[in-house]
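# A closer look at the structure
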Amino acid sequence: MFRRPIKEINAEFKAEEKYLDSIQRTVRESCIAASMNKKEITSVLLAIEEGATNIIRHAYLYEKGLMRVRIVIYKKLVVFSLIDYGRSFQPDNSGKVDLHKLVESGRKGGLGFYMIQKIMDSVEYISTAAFNELRMIKRIHKEKEKGRPFLRWMLTLRFKFSVWTFIIVSMIIGGSIYYFDHEISDGMYRHKHETVQALGTTIAAQASGYLINNRSDVEFDELLVSYKRANPELRLIVLTDATKMIRAHSDDILFIRKQYQAPQGLNAYIYNTPQTFELGNEDVEFLVIPIELRDHLIGKVYIIYTTEGIYYQLADARTQIVILTMILLLFGIIGIYLLSDYFVSPILKITHRIRRFTSGDLETELPLEGAEEFFEISKAFNQMITRLSQDRKNIAAREKMAKEIEVASEIQKTLLPNKLPEIQNLDIESFYRAASLVGGDLYDIFQVSEKRYCMVVADVSGKGVPASLVMSMLRTVIQIYGRQLQSPKEIIVAVNDYMKINIPPGMFVTVFLQIYDVETNEIVFVSAGHNPMVYFNSDTKKIEQLNPKGMPVGLPTRDENKFADSIIEERRVMCDDDCFIIFTDGITEAPNREGDQFGIERLEEFIVAHAPDSEIRMSALSEKLIDLIDDYTGFNKATDDISFILARMQIKSSTPIEKQKSENRLLVRKINSDKA
């Protein structure tokens with residue numbers, strides 16, 4: 001029916017209205033590939049939407065099904081087919097959409113089909129027992145560019161290619177003709193000179209015998225006349241003896257026995273070399289051949305001849321060559337113009353596709369056709385477009401993910417304590433810094449009763465969003481159980497029972513949790529596989545590492561009581577100027593540029609160096625610690641989250657009764673220490 005199609009697109013969709021956008025997207029890309037203008041694309045999309053909507057609403061009125069979209073692109077038209085497997089609109093299978101029948105019978109979709117017929121150049125509805133096909137044909141009308149047609153044609157790549165190719169070929173042919181013409185004409189003239197010279201030499205040889213034998217003038221004259229008659233290009237032959245006396249003259253015997261005078265301006269003593277001079281309106285050659293006998297000059301032969309015959313021969317040959325060349329160039333121009341389509345058309349398609357690419361079309365591909373080189377270019381371009389399209393999607397996905405992570409980071413920050421509670425006799429400070437936008441560390445300080453506060457530092461295995469989600473869940477669970485239960489061990493056991501069911505496989509949490517009692521200044525603490533609490537004893541001025549035994553939260557165990565049995569609860573009464581820090585391994589494992597870790601020893605040295613100074617606030621001490629870590633690491637990108645709680649007991653401003661209680665507690669602590 002039509003010529004060979006350029007491209008064919010087949011797609012299948014569920015016959016539901018929510019898939020109309022996908023159908024339109026497929027049709028739009030096909031229209032762009034067919035080089036339709038914007039107005040045509042808009043109208044085609046409207047017609048396709050109307051046709052697809054009617055199929056969805058009426059062909060599949062009582063059931064759901066599939067709709068196949070088939071688009072075939074030809075050079076001057078595009079065939080759109082919507083194929084369904086539902087009810088037929090026209091059971092009579094007439095092949096044409098009967099608009100009047102649809103309107104008269106009140107069938108829905110009649111006006112829609114009227115619009116489709118107005119938009120499309122041809123509309124057919126084919127119904128069979130197996131399927132129904134709504135076939136629509138739209139002819140492609142190329143937009144006329146503004147400007148003068150002839151000037152626009154002259155600016156086309158094909159015209160420029162043809163013109164420059166013609167100029168180059170013409171220069172090559174012209175140069176070749178000039179070279180061969182020059183060589184041939186020089187050869188013909190040279191051959192003519194050699195022929196005349198040989199003829200003169202023959203005359204001289206015969207005349208030498210005549211002169212020696214003293215033949216009569218008549219014999220000399222007959223000799224010259226016979227040669228002139230046999231060679232039309234010879235204008236004059238004169239034979240003289242050694243005294244320049246004419247012994248024979250081919251034109252007039254009256255010159256015999258007279259002195260010969262060479263034409264004016266010519267040298268009679270230049271032998272065997274032609275000399276050109278003008279005779280009448282004709283350029284002729286003058287040649288002198290000596291007659292010698294045993295190296296003695298006994299006479300001369302003077303020959304005047306013309307090369308006009310060669311000139312006319314060359315002129316005729318040149319005329320024929322020019323005519324033949326013009327004919328060949330004419331056919332060459334036609335061939336070049338037609339051949340240019342073979343080379344230029346793929347380039348124009350690539351250029352047109354690049355323009356669509358710059359306008360944002362990253363979907364339509366170049367047809368893989370033409371010579372092998374253009375095939376490879378089109379293939380490489382399609383691969384590049386595919387990669388760019390995928391990269392753009394990946395970038396969009398990464399940007400979306402980055403935005404979501406940023407939102408998660410903001411949410412995570414809101415889960416951390418916005419303001420630390422004011423705890424009696426305790427100067428407390430906290431710090432948190434994630435290695436990335438979101439982290440898996442947790443610190444929290446909250447009141448569990450009127451005189452008791454819970455302090456917790458935890459580290460979730462892993463990093464990023466999964467760890468942050470587990471951290472958020474852990475904080476909530478700790479706060480719930482922290483307000484319900486009394487001892488740290490009870491709290492951590494309840495938290496583990498919940499987390500091991502809800503934590504993702506392969507993840508666990510280390511936790512250091514303690515309860516501080518304001519009345520007794522006592523801390524009761526447990527460690528679920530966490531780093532030790534570094535405790536500064538103001539009496540001994542030494543550091544202690546308090547780290548009760550316990551396994552991490554969330555690890556699966558066969559024995560239900562294994563976690564509870566592993567947890568050891570310890571307690572410590574704090575005295576004036578006692579100091580402690582609960583931290584995650586982001587501090588001790590912070591590497592410098594050589595890869596060496598900060599270590600717990602440096603942390604202890606820092607505490608010993610600054611903790612005795614009771615005048616320094618914990619906020620200032622926290623800043624000094626962060627500066628020390630940053631100076632050590634050289635501000636390298638952090639490899640792990642950093643969290644800590646830093647606190648000092650300060651009861652110097654308390655009442656005398658409170659001071660007495662503190663001293664009594666200190667005495668008890670010393671007695672217990674001595675017993676130990």
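All of the points below concern the structure found in this document. Computed from a prediction, not measured in an experiment: that's the story for all the values here. (Residues numbered from 1 in each chain as written. Predicted model: local features only at pLDDT ≥ 70, side-chain atom pairs only at ≥ 80, totals over all residues. Heavy atoms only, no water.)

## Quick look at the overall build of the protein
- Counting secondary structure elements, the protein contains 16 helices and 21 strands.
- For the protein, with 676 residues in total, the buried portion stands at 44%.
- A separation of at least 24 residues holds for 66% of the contacts in the protein among residues at least 6 apart in sequence.
- Accessible surface computed for the protein: about 38,100 Å², of which carbon and sulfur atoms make up 55%. (Helix = DSSP H or I, 4+ residues; strand = E, 2+ residues; numbered from the N terminus. Buried < 20%, exposed > 50% of the residue type's maximum accessible area, 1.4 Å probe, protein only. Contact = heavy atoms within 4.5 Å. Areas by Shrake-Rupley, 256 points an atom, 1.4 Å probe, with all protein chains shown as cover.)

## Re the pattern of salt bridges
- Throughout the structure, instances matching the rule amount to 15 salt bridges.
- Here Arg135 and Glu133 are joined by a salt bridge, their closest N and O atoms 3.1 Å apart.
- Judged by its relative accessible area of 25%, Arg135 is partly exposed.
- A relative accessible area of 8% means that Glu133 is categorised as buried.
- Measuring nitrogen to oxygen at the nearest pair gives 2.6 Å for the salt bridge that ties Asp181 to Arg318. In this pair, Asp181 is assigned in helix H6 (residues 157–212) and Arg318 in helix H8 (residues 308–358), connecting sequence segments 137 residues apart.
- In this structure, a network of salt bridges that share partners links the residues Glu124, Glu133 and Arg135. (Salt bridge = Lys/Arg side-chain N within 4 Å of Asp/Glu carboxyl O.)

## Regarding a nonpolar patch on the surface
- Together, Trp164, Ile167 and Met171 line one region of the surface with nonpolar side chains, adding up to about 350 Å² of accessible area.
- Assignment of secondary structure puts Met171 in helix H6. (Patch = residues over 30% accessible without salt bridge, like charges linked within 9 Å, V, L, I, M, F, W, Y side chains within 5 Å.)

## Details of the sheet that holds strand E18 (residues 542–546)
- Pairing is antiparallel across the open sheet formed by five strands, whose spatial order is E12-E21-E20-E17-E18. The sheet is open, and its two edges are formed by strand E12 (426–433) and E18, each paired on a single side. Strand-to-strand twist across the sheet, computed as the mean angle between neighbouring axes with direction ignored, equals 15 degrees.
- As judged from the five bridges shared by strand E20 (residues 579–583) and strand E21 (residues 642–649), these two strands associate in the antiparallel manner. Residue pairing for E21: Cys579 is matched across the bridge by Arg648.
- Contacts from helix H14 (residues 599–610) reach strand E17 (533–537), E18, E20 and E21 within the one sheet, and its direction differs from that of E17 by about 30 degrees. (Pairing = 2+ DSSP bridges. Axes fitted to C-alpha atoms, helices over the stretch in contact; angles between N-to-C directions.)

## So, the packing of helix H1 (residues 20–33) against helix H2 (residues 38–59)
- Two numbers describe how H1 lies on H2: the axes approach to 10 Å, and their chain directions differ by 145 degrees. The element H1 and its partner H2 pack so that their crossing is right-handed. Where H1 abuts H2, its residues Leu20, Ile23, Gln24, Val27, Arg28, Cys31 and Ile32 lie against Ile41, Val44, Leu45, Ile48, Glu49, Ala52, Thr53 and Ile56.
- Partitioning the contact of H1 with H2 into residue classes produces eleven nonpolar, two polar and two charged. (Left-handed = near helix turned anticlockwise from the far one by under 90°. Nonpolar A, V, L, I, M, F, W, Y, C, P; charged D, E, K, R; others polar.)

## A word on helix H10 (residues 464–484)
- Compared with the 30 Å implied by 1.5 Å per residue over 21 residues, the 31 Å span of H10 between its first and last C-alpha is a close match.
- Turning to H10, its buried residues number three or more, namely Gly464, Ala467, Ser468, Val470, Met471, Ser472, Leu474, Arg475, Val477, Ile478, Gln479 and Gly482. (Expected span 1.5 Å × (residues − 1).)

## Notes on a negative patch on the surface
- A cluster of like negative charges, contributed by Asp497, Asp559, Glu560 and Asp565, occupies part of the molecular surface.
- Along the polypeptide, Asp559 turns up in the loop between E18 and helix H12 (562–566). (Lys, Arg positive; Asp, Glu negative; His and termini not counted. Charge placed at Lys NZ, Arg CZ, Asp CG, Glu CD.)

## What to know about unusual backbone geometry
- If you check the backbone angles, Arg294 has positive phi at about 50 degrees while not being a glycine.
- Judged by relative accessible area, which is 76%, Arg294 ranks as exposed.
- Not every positive phi belongs to a glycine, and Asp295 is a case in point at roughly 65 degrees.
- Examined against the element boundaries, Asp295 turns out to sit in the loop between strand E10 (282–293) and strand E11 (296–306).

## Section: the packing of H14 against helix H15 (residues 618–633)
- Packing of H14 against H15 leaves a shortest axis separation of 11 Å and a crossing angle of 145 degrees. Both H14 and H15 take part in a crossing whose hand is right-handed. Taken together, the residues of H15 that come into contact with H14 (itself represented by Arg602, Leu603, Phe606 and His610) are Leu621, Lys624, Leu625, Leu628 and Tyr632.
- Taken together, the residues of the contact of H14 with H15 sort by class into six nonpolar, one polar and two charged.

## Quick word on H15
- With 16 residues, H15 should cover 22 Å at 1.5 Å per step; its first-to-last C-alpha distance of 23 Å lies within 8% of that length.
- Here H15 has its buried residues at Met618, Leu621, Ser622, Leu625, Ile626, Ile629, Asp630, Tyr632 and Thr633.
- Next to the buried residues of H15 lie E12, E20, helix H13 (585–588), H14 and E21.
- With its phi angle positive at about 70 degrees, Gly634 sits one or two positions after the end of H15.

## A closer look at the pairing of E17
- For E17, the tally of buried residues reaches five of five residues, placing the bulk of the element in the interior.
- Direction of pairing for E17 relative to E18: antiparallel, over a ladder of five bridges. If you follow Met533 over to E18, its bridge partner there is Leu546.
- What sits between the antiparallel neighbours E17 and E18 is a turn of four residues, in which Lys541 has the positive phi angle 60 degrees.
- Bridging between E17 and E20 involves three bridges; their strand directions are antiparallel. For Phe536, the partnering residue across the bridge sits in E20 and is Cys579.

## Describing the packing of aromatic side chains
- Scanning all chains against the criterion turns up eight aromatic pairs.
- Pairing Phe512 with Phe525 gives two aromatic rings, centres 5.8 Å apart and planes at 20 degrees, and the pair type is stacked. Of this pair, Phe512 sits in strand E15 (residues 509–517) while Phe525 sits in strand E16 (residues 522–528), and the two are 13 residues apart along the sequence.
- Note on Phe598 and Tyr632: the rings are 5.5 Å apart at their centroids and 85 degrees apart in plane angle, and the pair reads as edge-to-face. (Phe/Tyr/Trp six-rings, centres within 6.5 Å; stacked < 30°, edge-to-face > 60°.)

## Observations regarding the sheet that holds strand E9 (residues 275–279)
- Taken in spatial order, the five strands line up as E8-E7-E11-E10-E9 in an open sheet, and their pairing is antiparallel. Since the sheet does not close on itself, it has two edges, and those belong to strand E8 (246–249) and E9, each with one partner. This sheet shows a mean twist of 25 degrees between the axes of neighbouring strands, independent of strand direction.
- Two elements, strand E7 (residues 234–241) and E11, share seven bridges in a ladder whose sense is antiparallel. Its bridge partner lying in E11, Leu239 is registered against Val301.

## So, the environment of Val524
- Within the secondary structure, Val524 sits in strand E16.
- We classify Val524 as buried; its relative accessible area is 10%.
- C-alpha of Val524 to C-alpha of Glu570: the two residues are 46 residues apart in sequence and 5.7 Å apart in space.
- Ignoring sequence-local partners within four residues, the contact set of Val524 consists of Pro488, Leu513, Gln514, Ile515, Glu569, Glu570 and Arg571.

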